[in-house]
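Each chain is listed here by its residues.
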Amino acid sequence: MLAALFVGFAALLVVTSLMVVLHKNPVTSALFLVLAFCSLAGIYLLLRAEFLGMVQIVVYAGAIMVLFLFVIMYLNLQHDVETGLQIAVRRGIGWFVGVLMLLTGAALLKRGWALGPANEVLPGAEQGNVAAIGRVLYSRYLFPFEITSILLLVAMIGVIVIARGRSRAHAAGGGAGGGA
Amino acid sequence: MIPLSWLIALSAVVFAIGVVGVLVRRNALVIFMSIELMLNAANLAFVAFANQMKSLDGQVFVFFVMTVAAAEVAIGLAIIVHLFRLRETVFVDEIHLLKG
Amino acid sequence: MAALWSIPAVQAATWAFVKAMIILNGMLGVVSYLIYAERKICGHIQARTGPNRVGPLGLLQPIADVLKLLFKEEFVPASANKVIFFIAPILAVFPAIVTFAVIPMGPPPMFVVTDINVGLLLFLAMSSLGVYAITLGGWASNNKYALLGGLRSSAQMISYELAMGLSTIPVLLKSGTLSLVGIVDRQAGWYQVIGPLWLPNWGIFHWYLVLPFVIFLITAFAETNRAPFDLPEAEGELVAGFHTEYSSMKWALFFLGEYMNMIVISSIAVTLFFGGWHGPGLFFGTNGWLSEGPPWMGLVWYLVKLGALMFFFIWVRWTFPRLRYDQLMGFGWKVLLPASIVNVLIAALWLYAREVM
């Protein structure tokens, strides 16, 4: 039952990832990526990481991809035009490297064939996945947690400064240099 | 119960698709999306191992990867927007001013 | 067949499916009569009667509306992206309906479709997905006004989503669980406020949850694009905003999606702050002092509270003027977000102090 659901989600993930890479229209690529993230969230739910599954939808599918879509619509991007011999040669090399990677991965996996344990005891059932993650996050991983908040603040400031534009950047150059 | 090898194989396949996307496409935004695919493939490997070893460390690390990916996407897109304003294009092979 | 039925997973899945179908059809009926109720209430607020021609008191008006919409001509703009044009209205309805699966409408396990232990996060995830419908609808129409309306609305929705999520954290701190059934269960019984004053243990009667409730309600108005935050679909300002180019059933789906979103957010507000399906305890309640009523009484209480909250939604729409876009964004980021963060701090400090002392 679980395996059947997993195969379904996995197939959806692989197909949508392929469509992200293959489709010429960037908006359609972004939408296929949203679908890929949602199927990945489904796989997380099957692996008993329900907090991560929901956070995946909230953060990746609900915020990051919306940001992508905003930028694509703002830049008003049309279909990608990919003609020409040079580009075709590059494409060929790219696919060759990808297939090579896949074959290497398959060969390595065949060697170290790792099966799951025979019987399963569910750890998260008693205390709940979210509570357990919270306990670990605020004790062992408190320092990375705090550093991540500073990272996000730096990213926010960086985005505002970068995306502000030339004229206002020039005019406020002295002020920003002195104040920032 | 999902065998670990299936999960790792899936992660490898998605990662390979992401690599192909980065190498094949010219549009900077699609390249960025393929990078996100690669990050998510790594996340899947983390969660698979967290499930296998019954430890939560893998899931906590995925939490941090998601946060860092969000910050990276924000800054990356800001850079791409700025680049578009300057060069009027998002195709990476048309931005070659630093070429020797 | 009997052998199949004996597997507990199959039984659970079948019951969940039946309940989901009942809720889906029930909610569709509720939505059409909510539209009727809105027009009636709007009429009375504006000192006129509202629809009263079709059927007694105009009660068959929604049926007439549905028939009209079904038979209208479907018009797709020539250079629109056909596939995305088609999917956008579906995306408007789908997240709202999915959230109904986790809302407890009566005593569990009969009145809940499924009880997952991250129910509140599922609601937040689905409201994040609701942004796509408007963004894609605005973009796929290939129309300046629609695109502008779509982008404005998406920016508004993602800004207010933050404050909404943060304002539900004090509830989470009080209840200690993300599961909506768990949150409702911890609002059972009575709560001694001060001295001789006993109130039902609902969220709203705890002092540190009053401001989060107010913030949640304001962000709910913004999330569903209802007045006073409905600039993106303002008639007269942007033609019709993001659904300018939509006609017939696609427009009906957008409209349905807006009302369905309204019902879902009201349900979540009832579940988090008003005790869900618990009555106030006396006589016909299902918890507390003179209680022990029949289980379906829980459903009745839930519907009563839901109706009150939706009446409030409709009332606010026809009372307040519209916020200008920069006022709207400034309010969301500069007022609501800091206020919700401060709320989390206050609630955490109070709960910790109460536990320590």
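Residues numbered from 1 in each chain as written. Chains lettered and ligands numbered in written order. Predicted model: local features only at pLDDT ≥ 70, side-chain atom pairs only at ≥ 80, totals over all residues. Heavy atoms only, no water.

**Examining the overall build of chain B**
On a plain count of helices and strands, chain B comes out with 3 helices and 0 strands. In chain B, the order of α-helices and β-strands from amino to carboxyl end is α-α-α. Here chain B has a C-alpha radius of gyration of 17 Å; the compact-globule value for 100 residues is 13 Å, and the former is much larger. Out of the 100 residues belonging to chain B, those deemed buried represent 58%. (Helix = DSSP H or I, 4+ residues; strand = E, 2+ residues; numbered from the N terminus. Rg over C-alpha atoms; globule rule 2.2 N^0.38 Å. Buried < 20%, exposed > 50% of the residue type's maximum accessible area, 1.4 Å probe, protein only.)

**Description of the overall build of chain A**
From N to C terminus, chain A includes 9 helices and 0 strands. Starting at the N terminus and ending at the C terminus, chain A contains elements arranged as α-α-α-α-α-α-α-α-α. Classification of the 180 residues of chain A by burial places 36% in the buried group. Contacts in chain A between residues at least 24 apart in sequence constitute 62% of all its contacts with a sequence separation of at least 6. Surface exposure of chain A reaches about 10000 Å², of which carbon and sulfur atoms provide 73%. (Contact = heavy atoms within 4.5 Å. Areas by Shrake-Rupley, 256 points an atom, 1.4 Å probe, with all protein chains shown as cover.)

**Overview of the interface of chain C and chain A**
Taken together, the contacts link 21 residues of chain C with 19 residues of chain A. Both faces considered, chain C and chain A share a buried interface measuring about 1700 Å² in area, 83% of it formed by carbon and sulfur atoms. Together, C:Leu121, C:Tyr132 and C:Trp139 form the three largest contributors to the area buried by chain C at its contact with chain A, with a combined 30%. Where chain C packs against chain A, one counts 0 salt bridges. Elements supplying a minimum of two residues to the side of chain C that touches chain A: helix H5 (119–140) and helix H6 (144–167) of chain C. Residue contributions to the side of chain C that touches chain A peak at 11 residues, all from H5(C). Residue composition of the side of chain C that touches chain A, grouped by class: 16 nonpolar, 5 polar and no charged. (Buried area = accessible area lost by both parts, 1.4 Å probe. Salt bridge = Lys/Arg side-chain N within 4 Å of Asp/Glu carboxyl O. Nonpolar A, V, L, I, M, F, W, Y, C, P; charged D, E, K, R; others polar.)

**As for the confidence of the model for chain A**
All names here are of chain A. Across chain A, the average pLDDT comes to 82, with 82% of residues at or above 70. Looking at the elements of chain A, mean pLDDT is at its lowest for helix H9 (residues 173–179), recorded as 43, and at its highest for helix H2 (residues 26–46), recorded as 94. Contacts of residues 118–122 to residues separated by more than four positions or lying in other chains number 6 contacts, the stretch itself having pLDDT below 50. In this model residues 171–180 is a low-confidence stretch, pLDDT under 50, and it forms 2 contacts with partners more than four residues away in sequence or in other chains. (pLDDT = per-residue confidence, 0-100.)

**Let's talk about the interface of chain B and chain A**
Often the size quoted for an interface is simply the accessible area lost on bringing the parts together. Contacts between chain B and chain A engage 68 residues on the former and 80 residues on the latter. Taken over both partners, the interface formed by chain B and chain A buries close to 6800 Å², and the fraction arising from carbon and sulfur atoms is 77%. Connecting chain B to chain A are 1 salt bridge. When the shortest N-O distance is used, the salt bridge between B:Asp57 and A:Arg140 registers 3.5 Å. At the boundary of chain B and chain A, one finds 7 residue pairs in polar contact (both at pLDDT 80 or more). When residues of the side of chain B that touches chain A are traced back to their parent elements, those giving at least two are helix H1 (4–24), helix H2 (28–53) and helix H3 (57–87) of chain B. (Polar contact = N/O pair within 3.5 Å; in protein donor to acceptor, adjacent residues only side chain to side chain.)

**Structural notes on the pairing of strand E1 (residues 190–194) of chain C**
Within a regular beta strand, the side chains point alternately toward one face of the sheet and then the other, so they alternate between its two faces. The sheet contact formed by E1(C) and strand E2 (residues 197–200) of chain C spans 4 bridges and is antiparallel. For C:Tyr191, the partnering residue across the bridge sits in E2(C) and is C:Leu199. (Pairing = 2+ DSSP bridges.)

**Overview of the packing of aromatic side chains**
Enumeration over the complete set of coordinates arrives at 22 aromatic pairs over all chains. When the ring of A:Phe37 is compared with that of A:Tyr60, the centres are 4.7 Å apart and the planes differ by 40°; the resulting orientation is tilted. A residue pair is termed long-range when its members are at least 10 positions apart, and A:Phe37 in helix H2 and A:Tyr60 in helix H3 (residues 50–75) qualify at 23 residues. By relative accessible area, which is 1% here, A:Phe37 ends up buried. With a centroid separation of 6.1 Å and an interplanar angle of 85°, the aromatic rings of C:Phe312 and C:Trp315 are classed as edge-to-face. With a gap of 3 residues between them, C:Phe312 and C:Trp315 both fall in helix H11 (residues 296–317), about one helical turn apart. Connected via pairs of aromatic rings, a cluster forms that spans C:Phe123, C:Phe213, C:Phe216, C:Phe273 and C:Phe274. In this structure, B:Arg26 packs its charged tip against the face of B:Phe91, placed 4.4 Å from the ring centre. Across from the ring centre of C:Trp202, 4.1 Å away, lies the NZ or CZ of C:Lys305, which sits over that ring. (Phe/Tyr/Trp six-rings, centres within 6.5 Å; stacked < 30°, edge-to-face > 60°. Lys NZ or Arg CZ within 6 Å of the ring centre and 35° of its normal.)

**Quick word on the packing of helix H4 (residues 82–99) of chain C against helix H10 (residues 248–273) of chain C**
How two helices sit against one another is set out by the angle between their axes and by the gap between those axes. Residue and element names in this part refer to chain C. At a minimum axis separation of 8 Å, H4 and H10 run at an interaxial angle of 20°. Our classification of the angle between H4 and H10 gives roughly parallel. Seen along the crossing, H4 lies across H10 with a hand that is left-handed. From H4, Phe85, Phe86, Ala88, Pro89, Ile90, Ala92, Val93, Ala96, Ile97 and Thr99 reach across to H10, where they touch Lys250, Leu253, Phe254, Gly257, Met260, Asn261, Val264 and Ile268. The class makeup of the residues in the contact of H4 with H10 is 14 nonpolar, 3 polar and 1 charged. (Axes fitted to C-alpha atoms, helices over the stretch in contact; angles between N-to-C directions. Parallel < 35°, antiparallel > 145°, perpendicular 65-115°, else oblique. Left-handed = near helix turned anticlockwise from the far one by under 90°.)

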